[in-house]
Amino acid sequence: MRQTGKTHSGRKAQLALLFTVLCTATVWLLTPAAAASRIKDIADFEGIRENQLIGYGLVVGLNGTGDSLNNSPFTQQSLQAMLERLGVNTRNVDLNTDTVAAVMVTANLPPFSTQGTRIDVNVSALGDSESLQGGTLLVTPLVGADGEVYAIAQGSVAIGGFSAQADAASVVRGVPTSGRIANGGLVERELDFRLASLTTLRLALRNPDLTTARRIALSINELIGMPTAEPLDPSTVRIDLPRQYDGNIVDLLTDIEQLIVEPDLAARIVIDENSGIIVMGQDVKVSMVAVAQGNLTVTIAESPQVSQPLPFANGQTAVVPRSEVGVDEDGTKLAIVPETVTLKQLVDGLNALGIGPRDMISILQAIKASGALQADIEVL
């Protein structure tokens, strides 16, 4: 009898545990998942940013795929200027080489880069060069927006494509006129930005929104324990350096960027008419509306006939036009798109019409014009 009681007790405990697990799973399934993100993924600290660099240089060592100097005078001038700096006078010499190409060199200078740091550079042909394969970029200064030189680039160019040509056919894969030099840039000048001396920080939201800015400020104030963050506008949150982080601003930035915030965005529909792509946000709503979509097809067929006169008649041979015109219109009836609460119901209502993406673009724009669509439409 005692063993039976223990068995009953064990079964009751197992049932209770199973019931608890099922209830927990049900609540978890019914609870909508919040699209929460870290602050570092939705905002940037002003001042901590990359800077773009650009330069003009020459790539040499090409296997007959360089610029034709007659069609690219800037390549010839650059080649002569470079040779003169090296002590070679070619002013009155007719240069005829196809192993040199003029290129534009671009790179991004990471924040807090120190002298001697290596960065990647991109190389793109400027003239009529067919390929940069096997070429070497000569020393090229890279300047910033202020005109100052911040890096020097040089090295062998690695391209992601190739080209081959014969007498009657040619093959081109990828883009052989652009390439990349890994660690081909050497930083020569540092940016004058001292993070430790700041007393006020500014967060710049990547997608400006008033609600998101306020949530970020509240989350930071909750972390610090005092009102130090304040939203200034939809894209900026100002943070005053609290006393407990005085002299150690890196710890403050680390703690702030790990905070979880749920961003809020306006309802928006993005349309790319060229490719027929439609992207809708989860907050898109539509009032009850009736939609009819039909195609009107007009077919015109020309079948001219030759009119031949009778023998010994004075008539002439003539072409008599024969045209057949047909009109076909799909008899699509009105379909009701109900007032929706979720994005899925809106998509199901539009799909019920049996239309393609391009016709759906016109329907969405017409629904927006009628005032029944509570969302912004952005056409790319």
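Structural data are supplied above this passage.
The text that follows walks through the structure, step by step, so that each part is easy to find. These numbers were taken from a predicted model, which means no experiment stands behind them. (Residues numbered from 1 in each chain as written. Predicted model: local features only at pLDDT ≥ 70, side-chain atom pairs only at ≥ 80, totals over all residues. Heavy atoms only, no water.)

Moving on: the sheet that holds strand β13 (residues 229-233). The strand order β2-β12-β14-β13 describes an open sheet built from four strands, whose pairing is antiparallel. Of all the strands in the sheet, the pair left with one neighbour each is β2 (43-45) and β13. For this sheet, the mean inter-axis angle between neighbouring strands, taken without regard to orientation, is 25°. Taken together, the five bridges between strand β12 (residues 200-205) and strand β14 (residues 236-240) define a ladder with antiparallel strand orientation. Residue pairing across strands places A204 opposite T236, the latter belonging to β14. Across the sheet, helix α4 (residues 210-224) lies against β12, β13 and β14, angled at about 165° from β13, the strand it touches most. Most of the contacts of helix α5 (residues 249-257) go to β12, to which it runs at about 30°, and overall it touches β2, β12 and β14. (Pairing = 2+ DSSP bridges. Helix = DSSP H or I, 4+ residues; strand = E, 2+ residues; numbered from the N terminus. Axes fitted to C-alpha atoms, helices over the stretch in contact; angles between N-to-C directions. Contact = heavy atoms within 4.5 Å.)

This brings us to the environment of R202. Among the structural elements, R202 can be located in strand β12. The exposure class assigned to R202 is partly exposed, which follows from its relative accessible area of 35%. Considering only alpha carbons, one finds R202 and A229, 27 residues apart in sequence, at a separation of 9.3 Å. Every residue in contact with R202, bar those within four places of it in the chain, is listed here: D44, F45, E46, L232, T236 and V237. (Buried < 20%, exposed > 50% of the residue type's maximum accessible area, 1.4 Å probe, protein only.)

Core analysis: the largest hydrophobic core is formed by 23 residues, its most contacted members being I39, L203, I216, I220, V237, I239 and I256. When residues of this core are traced back to their parent elements, those giving at least two are α2 (39-42), β2, β12, α4, β14 and α5. Sorting elements by how many residues they give to this core places α4 first, with five residues. Setting aside anything within four residues of it in sequence, one finds I239 in contact with T199, T200, L201, L203, I220, T228, A229 and I256. (Core = buried A, V, L, I, M, F, W, Y, C linked by side-chain atoms within 4.5 Å.)

Secondary-structure assignment places V139 in strand β6 (residues 136-143). When the C-alpha positions of V139 and I152 are compared, they lie 6.6 Å apart, and in sequence the two are 13 residues distant. Apart from residues no more than four positions distant in its own chain, V139 is found in contact with I152, A153 and Q154.

It is worth spelling out the pattern of salt bridges at this point. In this structure the tally under the stated criterion is eight salt bridges. Between D120 and R180 there is a salt bridge; the shortest N-O distance is 3.2 Å. Linking D120 in strand β5 (residues 118-125) with R180 in strand β11 (residues 178-187), this pair joins segments that are 60 residues apart in sequence. A salt bridge links E230 to R238; the shortest N-O distance between them is 2.8 Å. Residue classification places E230 among the partly exposed positions, given a relative accessible area of 39%. (Salt bridge = Lys/Arg side-chain N within 4 Å of Asp/Glu carboxyl O.)

This part covers the side chain of Q80. On the secondary structure map, Q80 appears in helix α3 (residues 73-85). What Q80 contacts, discounting residues up to four positions off in sequence, is T90, R91, V93 and L95.

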